[in-house]
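Understanding the architecture of this molecule
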Amino acid sequence: MKPIPRKLIQKTVGKQLRDLRMKQGLSQEELAYRADMHPTYISGIERGRRNPSITNFYYLAHALEVHPKQLIPTIDMTNTGVELDD
């Protein structure tokens, strides 16, 4: 089995973060403040351009008041041809 492309993982995680943030009505700036991160870092994660550390997953989860596992969506291992453009 082929490994899942890194970009697909980053894009999927970024979309999950954005969805959770938007459901709470938070701006990227507010989430960044709560997580003690820079807003451009949050933007980079959401666009699939940054690969956050495990530590940052915990900071983001705490800021969103969710369990860290909620930041890691299930990825369809058979669908590696998703749109990766911004």
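Residues numbered from 1 in each chain as written. Predicted model: local features only at pLDDT ≥ 70, side-chain atom pairs only at ≥ 80, totals over all residues. Heavy atoms only, no water.

Considering the overall build of the protein chain
Put simply, the rule is: Numbering of helices and strands runs from the N terminus; a helix is a DSSP stretch of H or I covering at least four residues, while a strand is a stretch of E covering at least two. Partly exposed describes any residue whose relative accessible area lies between the buried limit of under 20% and the exposed limit of over 50%, with all areas from a 1.4 Å probe on protein chains only and scaled to the type maximum. Contacts are assigned to residue pairs that have any heavy atoms within 4.5 Å of one another. Throughout, the Shrake-Rupley method with a 1.4 Å probe supplies accessible areas, and for residues the shown protein chains are the sole cover considered.
Along the backbone of the protein chain there are four helices and zero strands. For the protein chain, the residues scored as buried account for 37% of the 86 residues in total. Within the protein chain, counting contacts between residues at least 6 apart in sequence, those at least 24 apart form 62% of the total. Accessible surface, the protein chain as shown: approximately 5900 Å² in total, 51% of it carbon and sulfur.

A closer look at the side chain of Glu46
Just so we agree on the cut-off: Counted as a polar contact is a pair of N or O atoms within 3.5 Å, where, for protein atoms, one must be capable of donating a hydrogen and the other of accepting one, and residues adjacent in sequence contribute only when both atoms are in side chains.
Positionally, Glu46 belongs in helix α3 (residues 39–46). Of the polar contacts made by the side chain of Glu46, one reaches the side chain of Gln28; its length is 2.7 Å. For Glu46, the contacting residues outside a window of four places in its chain are Gly14, Lys15, Leu17, Arg18, Arg21 and Gln28.

Quick look at helix α1 (residues 6–23)
The α-helix advances 3.6 residues per turn, and as a result positions three or four apart in sequence lie on the same side. Heads up, the rule is: The span you would expect from a helix comes to 1.5 Å times its residue count less one.
With 18 residues, α1 should reach 26 Å at 1.5 Å per residue; the first-to-last C-alpha distance of 26 Å fits that figure. Among the residues of α1, those classed as buried are Leu8, Gln10, Lys11, Val13, Gly14, Leu17, Leu20 and Arg21. Lining the buried residues of α1 we find α2 (28–35), α3 and α4 (54–64).

Regarding the environment of Val13
Residue placement: Val13 occurs in helix α1. A residue is classified by how much of its surface remains accessible, and Val13, at 9% relative accessible area, is buried. Counting along the chain gives 58 residues from Val13 to Leu71, while the straight-line C-alpha distance between them is 6.6 Å. Setting aside residues no more than four positions away along its own chain, Val13 makes contact with Phe57, Leu71 and Pro73.

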